[in-house]
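The primary structure of each chain is shown beneath.
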4 protein chains.
Amino acid sequence: MSAPMASLVRPSAERARLLISCADRPGVVATVTRLLFEHGANVVDSDQHTEPDDLRFFMRLEFDLPGLPERLGALEAAFAPVAEQFGMQWRLIPAARVKRMALFVSKQDHCLQELLWLWKKGELIADIPLVVSNHPDAREVVAPFGIPLHHVPVTADSKAQAEAAVLELLRAHQVDLIVLARYMQILSGDFIASFGGPIINIHHSFLPAFVGANPYAQAHSRGVKLIGATAHYVTAELDAGPIIEQDVHRVGHRDAVADLVRIGRRVERTVLARAVSWHLEDRVLPHGNKTVVFS
Amino acid sequence: MSAPMASLVRPSAERARLLISCADRPGVVATVTRLLFEHGANVVDSDQHTEPDDLRFFMRLEFDLPGLPERLGALEAAFAPVAEQFGMQWRLIPAARVKRMALFVSKQDHCLQELLWLWKKGELIADIPLVVSNHPDAREVVAPFGIPLHHVPVTADSKAQAEAAVLELLRAHQVDLIVLARYMQILSGDFIASFGGPIINIHHSFLPAFVGANPYAQAHSRGVKLIGATAHYVTAELDAGPIIEQDVHRVGHRDAVADLVRIGRRVERTVLARAVSWHLEDRVLPHGNKTVVFS
Amino acid sequence: MSAPMASLVRPSAERARLLISCADRPGVVATVTRLLFEHGANVVDSDQHTEPDDLRFFMRLEFDLPGLPERLGALEAAFAPVAEQFGMQWRLIPAARVKRMALFVSKQDHCLQELLWLWKKGELIADIPLVVSNHPDAREVVAPFGIPLHHVPVTADSKAQAEAAVLELLRAHQVDLIVLARYMQILSGDFIASFGGPIINIHHSFLPAFVGANPYAQAHSRGVKLIGATAHYVTAELDAGPIIEQDVHRVGHRDAVADLVRIGRRVERTVLARAVSWHLEDRVLPHGNKTVVFS
Amino acid sequence: MSAPMASLVRPSAERARLLISCADRPGVVATVTRLLFEHGANVVDSDQHTEPDDLRFFMRLEFDLPGLPERLGALEAAFAPVAEQFGMQWRLIPAARVKRMALFVSKQDHCLQELLWLWKKGELIADIPLVVSNHPDAREVVAPFGIPLHHVPVTADSKAQAEAAVLELLRAHQVDLIVLARYMQILSGDFIASFGGPIINIHHSFLPAFVGANPYAQAHSRGVKLIGATAHYVTAELDAGPIIEQDVHRVGHRDAVADLVRIGRRVERTVLARAVSWHLEDRVLPHGNKTVVFS
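Residues numbered from 1 in each chain as written. Chains lettered and ligands numbered in written order. Predicted model: local features only at pLDDT ≥ 70, side-chain atom pairs only at ≥ 80, totals over all residues. Heavy atoms only, no water.

For the record, the criterion: UniProt positions are given in the numbering used here, feature names are shortened, and annotations may be inferred rather than shown by experiment.
Named according to an unreviewed UniProt entry, chain A is Formyltetrahydrofolate deformylase originating from Cystobacter ferrugineus. Of chain A, the UniProt comment under Sequence similarities (unreviewed entry) reads exactly: "Belongs to the PurU family." One UniProt comment on chain A, placed under Function (unreviewed entry), says "Catalyzes the hydrolysis of 10-formyltetrahydrofolate (formyl-FH4) to formate and tetrahydrofolate (FH4)."

Some words on the UniProt feature "active site" (unreviewed entry) in chain A
Residues and elements named next belong to chain A. So the rule is basically this: Secondary structure counts use DSSP, requiring at least four H or I residues in a row for a helix and at least two E residues in a row for a strand, with both numbered from the N terminus. Type-normalised accessible area, obtained with a 1.4 Å probe on protein chains alone, sets the label of each residue: buried when under 20%, exposed when over 50%, and partly exposed for intermediate values.
Residues given the UniProt feature "active site" (unreviewed entry) here are Asp-239. Within the fold, Asp-239 resides in the loop between strand 10 (226–233) and strand 11 (243–250). Classification of Asp-239 by relative accessible area gives buried; the value is 9%.

A few points about the interface of chain D and chain B
Our working rule: The contact definition used throughout considers only heavy atoms, calling two residues in contact when any of these lie within 4.5 Å. The buried area of a pairing is the accessible area, by a 1.4 Å probe, that goes missing from both parts when the two are put together, added over both. Definition of a polar contact: a pair of N or O atoms within 3.5 Å, with one able to donate and the other able to accept a hydrogen when the atoms are protein atoms, and with sequence-neighbouring residues admitted only if both atoms are side-chain atoms.
Contact with chain D, which involves 12 residues of that partner, is made by 12 residues of chain B. Where chain D abuts chain B, roughly 1300 Å² becomes buried across the two surfaces, and 52% of that area is made up of carbon and sulfur atoms. For the pair chain D and chain B, the interface holds three residue pairs in polar contact (both at pLDDT 80 or more). Listing elements by their share of the side of chain D that touches chain B, those giving two or more residues are helix 1 (28–38) and strand 2 (42–51) of chain D.

Focus: the confidence of the model for chain A
Here is the rule: The predictor rates its confidence in each residue with pLDDT, a number between 0 and 100.
Mean pLDDT over chain A: 94, with 97% of residues reaching 70 or higher. Low pLDDT, under 50, characterises residues 1–8 of chain A; the stretch is placed with 17 contacts to residues that sit more than four places away or in other chains.

Observations regarding the pairing of strand 6 (residues 127–133) of chain C
All names here are of chain C. Convention followed: Two strands are counted as paired when DSSP detects at least two bridges linking them. A clockwise path from the first strand over the helix to the second, with the strands pointing away from the viewer, defines a right-handed crossover.
Of all the seven residues making up strand 6, seven are buried; the element is thus mostly covered by neighbouring parts of the structure. Bridge count for strand 5 (residues 100–105) against strand 6 is five bridges, and the pairing is parallel. Paired with Ala-102 across the strands is Leu-130, a residue of strand 6. Since strand 5 and strand 6 lie parallel, the crossover through helix 3 (residues 110–120) that links them has a hand, and here it is right-handed. Across three bridges, the pairing between strand 6 and strand 7 (residues 149–151) is parallel. In the sheet register, Val-131 faces strand 7, and the bridge partner there is Leu-149.

A closer look at the sheet that holds strand 4 (residues 89–94) of chain D
All names here are of chain D. Where we set the bar: Axis definition: a line fitted to C-alpha atoms, over the contacting stretch in the case of helices. Angles run 0 to 180 degrees between N-to-C directions.
Strand order in the open sheet formed by four strands is 2-3-1-4, with antiparallel pairing between adjacent strands. Two strands lie at the open edges of the sheet, namely strand 2 and strand 4, each paired on one side alone. The mean inter-strand angle of the sheet, taken between neighbouring strand axes irrespective of direction, is 10°. Sheet analysis places strand 1 (residues 15–23) next to strand 3 (residues 56–64), joined by nine bridges and oriented antiparallel. Bridging from a neighbouring strand, Arg-15 pairs with Asp-64 of strand 3. Sheet strands touched by helix 2 (residues 68–86): strand 1, strand 3 and strand 4. Its angle to strand 4, the strand with the most contacts, is close to 170°.

This is the structure in structure tokens:
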């Protein structure tokens, strides 16, 4: 088995991201920015949002700190009491600690292709230790990128065993994130819970329209004038998880289902690539069944 | 009661439109264009479509014929046997016979405003003999256009009577087309059947997502990243009639329900105006629960 | 002369906006947010940007401060030494001090209509003390809004006098902002300098394509597949000032110049309305010949 | 050298396309459709347009004719006098005679990659006998598709020789169409004339804005809010040939030139793919410096 190719661009070792959510209270921003400043951090990007419904506050700060690898522990120790004071959920993430992403695919390989190509161009910063497929077809697409493809067939009878085998692979490769790049198997609630990390799916409709199977056939039958795609986090309920990104393309009476499929492929590629890129840069903060996206 | 203002632009008396649908058979186009040519018609626009699912053929021809008003009867008489030979549904419509359109509105007047503006600019070619509203609020918007507003309040108890009164108005004004420009009453199946003509509604979501009441609140709650609007013909089943036009606009986590309402107003105005303009120019051919739009 | 109608929604007396630009230095955000916090301000919106080319830092803060009208002076006095320390350009603007906006129009009234309608709906928060036109045509559009229209004809010979008369009107009405809503006269450099405040123009092309006269005819002649509109601040050089907003719409070979004009009207309305709304909310920070837009 | 892969989908041997342009005269459509009908052709798609400026008429018919390969000669012979009668320019093209397309590329390979993907998926129906590049870099991209890459370096001194060598290759491979998929050499007028066939270029701006070199840097410097791409036929005048397709994507103050380049890559890929696909299906009819696109 060939060694996985490293992604081509690595973020600076001195860059980090701080993600915060807490009840909105005066002084949060002042306190956090003061603390970063006193530790010598230079904020290069900052975004914040207060949700009007529940007054939940969200913040994302990106900063450079000389000597970050050695000083990260001290910074975390200093931040902990502040976080406790404000009741924050928080994460401090060195940008150089790139996420380990597994790509799942079935027969349709256009989304897989797009992600691999953007990854190779350095537009998606991640390690990709493996691709998982219930079909052998993707081998040809994956081969030039030097990433192993694990073919794990799934039948109604073998589903539990197959999921166990995949979980074992994910653990062995220390995977942080699963991307379902047109993986046409429904993951069990047990699998989702056991994996425990985020799973991004691309659904080939403008959710919540056309949940479930064959959305392009559903769209054609309803006679819609736009078709869409939706990238969302996977939850136990089918096609109902928090939406990260959506887009649409115009169609008309001349377009048969096969045309919707073809046009839709481009929308799917674009929408999934944007969602994955935002996730990898820690720009997506889930909030109940919705997302705050600091894009 | 002030006399309704005439629309500002009238199509030429020599222009007509021929709409055809029939089972697709070789020779349809050749036969029809030959017949028009032999009668001296000059085709200025032509569009056709064959639906792959059922091989139904649709055609729209726009042509100029000198002396059309006097020669229309002869043309129709000549066309009838051709139509019978091919089993056609067909309509031959002088462009100068502009449609008589009634606008229905409740409190939200942005769609009404947009249609009246465009009508006054000559972008919508129609007669508008009356506006019907279950609220008196629209009077101020309608007044400068010299069109009578009929205030017909509707309550649960008075609904049948109100619908009867409205039907009487429509008959008195010889209305061809109803446009529901944010009219927030559900029309009964009886009303739809009794009126008998086309009714265009603007629904403030990207159907089939968010059928029914408060679609912007539904959209906000689901956390979608695009909001939309749908113009469709009204059928007895709520929000399920043939779609004429749809469009969307991007929203994000910063947008509260009030922002979706505000952003959505622009989408609604645009989508409804396009649908009405296409209908008035006989560019929309219903086909089962879908539409062929020769835009 | 009728009294100008007040705009329908007034911002809270406790809300203010702080706009800052300075060379990027560590500690700016921490210092500013600390100072606001210590004065009891609650930041409700915040956005920032550092321009990579010249490391210029831009920030917009929106905050609520109980008793703002009485405490504004003290806050400004406290902020002045901070601003000096960091070499800031800054403005502290009570949201309730709404801008006084003059609308200029010639014969095409669609942009004027759109702005007046959004203003009446409360989507544009401004006072509109007058409309200026070199034609009398707009009177009918303006009348229902209770705003005086000043008809100032302009000929090659009378241009200097006409500009002097308009400047006198602007001074008398204490105008902060001019919006050229399809005003087809080129303002002289002297006029621009004498007025001294911001002037927003809508140009009916996707600048820098098709500078100057008749951009739709230019676009048709070049055979472009999209037409656009550009809202920009006016400078002495024609159509070359900082761009605030742009948008486009698809066109094709079926569209004659008249169709481009009609389609373009909708783009112009949308683009100008967005630009004016952002300016009124102090979301547009000029930076050389470009703009930072915190939309 | 490996043998070029055949494209994966071949059109039916019975399908053909008829392209016509002539001065608009009554009876053109009737005569043409009658003739096709009498020869047993079944029209499956038809589109027409009359240019209002010069009353030039354009028509594209797609039809099935059983036994087409044997009957093509007879059909052409029958059509010739009709064409002469109406003064038509015309082409009768069997769909199965797929075009032979050469792809030219320099270092940026995203457009090449996209075209090769779509070709392999059967979305672009063509033979691709060779790829030409002035750099060796594209070899890795091209290799998996089994298409030979010809590396023809170009310097100021060697340009004439290089163009001669490329022309020789094009002749040897019987190339019908050149696609410049980010080929960063300007082709000489002599080369364009000697090749004689259509050449499609992708320019990375919304032409006519930002003609020439470094359009993304020009766009960033002007502060535009949308960036675009333009696919056009190449003529001797740089970036001035007939436009086939354009599209844009929104950018903002946060986007540096490198971001415009990255965002623009997706627009370029989409726009070029659409233009090439329309050309391959004979949907683009040049008309002076403009195009009629029956998409």
